[in-house]
Amino acid sequence: MKHSAVVTGGASGIGLAVARRLLDDGWPVAIIDADEEALLAAEDLLADENAVFLQADVTDEDELSDAFDEVVDRLGLIGGLVSAVSIMRDVSAEETSAELLREVLDINLVGTFIAAKAALERMGATLSIVTIGSVSGQRANGGHLAYGASKAAVKLMTEVLALEYGSRGVRVNCVAPGPVEMDMSSVRPSAEERRAWTSSIPQARYGEPEEVAAAVAFLLSPESSYINGHTLAVDGGFLSGGVLAGR
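The rules behind each value
- Going along each chain's sequence as written, the residues are numbered from 1 onward.
- Totals for whole chains, interfaces and linings use every residue, but because this is a predicted model, local features are given only for residues with pLDDT of at least 70 and side-chain atom pairs only at 80 or more, for both listing and counting.
- No hydrogens and no water enter the side-chain calculation; it runs on all heavy atoms of the structure.
- UniProt positions are given in the numbering used here, feature names are shortened, and annotations may be inferred rather than shown by experiment.
- Convention adopted: a line fitted to C-alpha atoms gives each axis, helices being fitted over their contacting stretch, and angles between N-to-C directions are expressed from 0 to 180 degrees.
- Secondary structure follows DSSP: runs of H or I at least 4 residues long count as helices, runs of E at least 2 residues long count as strands, and numbering of each begins at the N terminus.
- Roughly parallel refers to an angle under 35 degrees, roughly antiparallel to one over 145, roughly perpendicular to one between 65 and 115, and oblique to any angle outside these ranges.
- Each crossing is labelled by how the near helix is turned from the far one, with a counterclockwise turn of less than a right angle marking it left-handed and a clockwise turn marking it right-handed.
- It only takes one pair of heavy atoms within 4.5 Å for two residues to be counted as in contact.
- For this classification, Asp, Glu, Lys and Arg are treated as charged, while Ala, Val, Leu, Ile, Met, Phe, Trp, Tyr, Cys and Pro are nonpolar and the rest, including Gly, are polar.
- Any two strands between which DSSP finds at least two bridges are classified as paired.
- Each salt bridge in this description consists of a side-chain nitrogen of Lys or Arg and a carboxyl oxygen of Asp or Glu lying within 4 Å of one another.
- Accessibility here uses a 1.4 Å probe with only protein chains present; expressed as a share of the type maximum, an area under 20% marks a residue as buried, one over 50% as exposed, and anything in between as partly exposed.
- To estimate the expected span of a helix, subtract one from its residue number and multiply by 1.5 Å.
- Side-chain atoms within 4.5 Å are what join buried Ala, Val, Leu, Ile, Met, Phe, Trp, Tyr and Cys residues into a set we call a nonpolar core.

Under an unreviewed UniProt entry, the protein chain has the name SDR family oxidoreductase and belongs to Borborobacter arsenicus. What the UniProt record of the protein chain gives under Sequence similarities (unreviewed entry) is the line "Belongs to the short-chain dehydrogenases/reductases (SDR) family."

Shown next as structure tokens:
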């Protein structure tokens, strides 16, 4: 029997695309999300799939622990975790308050850590964890001080977990998306922002959530069995872009 996979933040966006891909790959999937409305919509969408839907706040250790216990009761021990919960605020450094920085770090970094600890305590024979970082955690991006700092920390935390748990049947890797098409209006860029990003991407387009999900699925699979502590950018070449476009 295949161990279960947990996707936090799995009711929308990249998380939902990941959950759908893992279901297609034969994983029993638990979707954990704090958004009740999004969870209900995801449950309707995936009604015939081998999935469970649980509401929990990733920053609340007790709440998340209870959710992971229910996953084990209903789907078995955990073999895969994808931490896709994330918030982004486009705010200049000057306008970033300590309160905002704490909020973003709490959800993006601390929430990822709490989920990883919960999975490690309930793992099967092996466990593959994939965290979701960002190219904004690897290159300075105006307006993303809090978001970029949180994602840079996720990348380093991934590496430390890989170092400490690598000899225990655990692999921990990170996927760092570049600009990705999203349905949520709250994260939809303006036409000007979109042109600015696209001009910096060698493939000259935004990615699709399914392309990020494919990278996550690979890192969870046995095909990546000797990949550990790695950050895989899914960014159309953004991070490798030079100062001048090719001629």
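A. Quick peek at the packing of helix α4 (residues 98-120) against helix α5 (residues 145-165). For the pair α4 and α5, interaxial distance at closest approach is 8 Å and the crossing angle is 20 degrees. Relative to α5, the element α4 is oriented roughly parallel. Pair α4 / α5 crosses with right-handed handedness. Contacts between α4 and α5 involve Leu101, Val104, Leu105, Asn108, Leu109, Thr112, Phe113, Ala116 and Leu120 from the first element and Leu145, Ala146, Tyr147, Ala149, Ser150, Lys151, Ala153, Val154, Met157, Leu161 and Tyr165 from the second. A class-by-class count of the residues in the contact of α4 with α5 yields 16 nonpolar, three polar and one charged.

B. Structural context of the sheet that holds strand β3 (residues 51-55). Taken together, seven strands build an open sheet; the order of strands is β3-β2-β1-β4-β5-β6-β7 and the sheet is parallel. Every other strand in the sheet has two partners, leaving β3 and β7 (231-234) as the edge strands with one partner each. The average angle at which neighbouring strand axes cross in this sheet is 20 degrees, direction not considered. Contacts between α4 and the sheet are confined to β1 (4-8), β4 (78-83), β5 (123-132) and β6 (170-177), with β5 contributing the most and set at about 170 degrees to the helix.

C. Focus on the pattern of salt bridges. Scanning the entire structure with this criterion turns up eight salt bridges. The partner of glutamate 103 in a salt bridge is arginine 89, and the shortest N-O contact between them spans 3.9 Å. Of this pair, glutamate 103 sits in helix α4 while arginine 89 sits in the loop between β4 and α4, placing them 14 residues apart in sequence. Taking the relative accessible area as the measure of exposure, glutamate 103 reaches 35% and is therefore partly exposed. Residue classification places arginine 89 among the partly exposed positions, given a relative accessible area of 34%. A salt bridge links glutamate 181 to arginine 194, with the nearest nitrogen and oxygen atoms 2.4 Å apart. One end of the pair, glutamate 181, is in the loop between β6 and α6 (191-199); the other, arginine 194, is in helix α6, with 13 residues separating them in the sequence. With a relative accessible area of 31%, arginine 194 lands in the partly exposed category. Connected through shared salt-bridge partners, Asp69, Glu121 and Arg122 make up one network.

D. Layout of the packing of helix α3 (residues 61-75) against α4. Where α3 meets α4, the axes come as close as 10 Å, and the angle between the chain directions of the two elements is 40 degrees. One element, α3, and the other, α4, form an angle in the oblique class. In the crossing of α3 with α4, the sense of the turn from one axis to the other is right-handed. Facing α3, whose interface residues are Glu61, Leu64 and Phe68, α4 presents Ile114, Ala115, Ala118 and Ala119. Classifying every residue of the contact of α3 with α4 by side-chain character gives six nonpolar, no polar and one charged.

E. The pairing of β6, seen in detail. For β6, a buried count of eight out of eight residues is recorded, marking the element as mostly surrounded by other parts of the structure. Neither face of β6 is exposed, since Val170, Val172, Cys174 and Ala176 on one face and Arg171, Asn173, Val175 and Pro177 on the opposite face are all buried. Where β5 and β6 come together, six bridges link them in parallel fashion. What sits directly across from valine 130, in β6, is asparagine 173.

F. Structural context of helix α7 (residues 209-220). Its twelve residues give α7 an end-to-end C-alpha distance of 17 Å, which sits within 8% of 16 Å, the value for a rise of 1.5 Å per residue. If you check which residues of α7 are buried, you get Pro209, Val212, Ala213, Ala215, Val216, Ala217, Leu219 and Leu220. In this fold, the buried residues of α7 make contact with α1 (13-24), β4, β5, β6 and β7.

G. Main features of the nonpolar core. Grouped together as the largest cluster of nonpolar side chains are 38 residues, with contacts concentrated most on Val6, Ile32, Leu64, Phe68, Leu81 and Leu127. Those elements giving two or more residues to this core turn out to be β2 (29-33), β3, α3, β4, α4, β5, α5 and β6. Here this core gets ten residues from one element, more than from any other, and that element is α4. Excluding residues that lie within four positions of it along the chain, isoleucine 32 makes contacts with Val6, Val7, Thr8, Gly9, Gly10, Leu54, Ala56, Leu64, Ala67 and Phe68. Of all hydrophobic cores here, the second largest spans 32 residues; its members include Ala5, Leu16, Val175 and Leu220.

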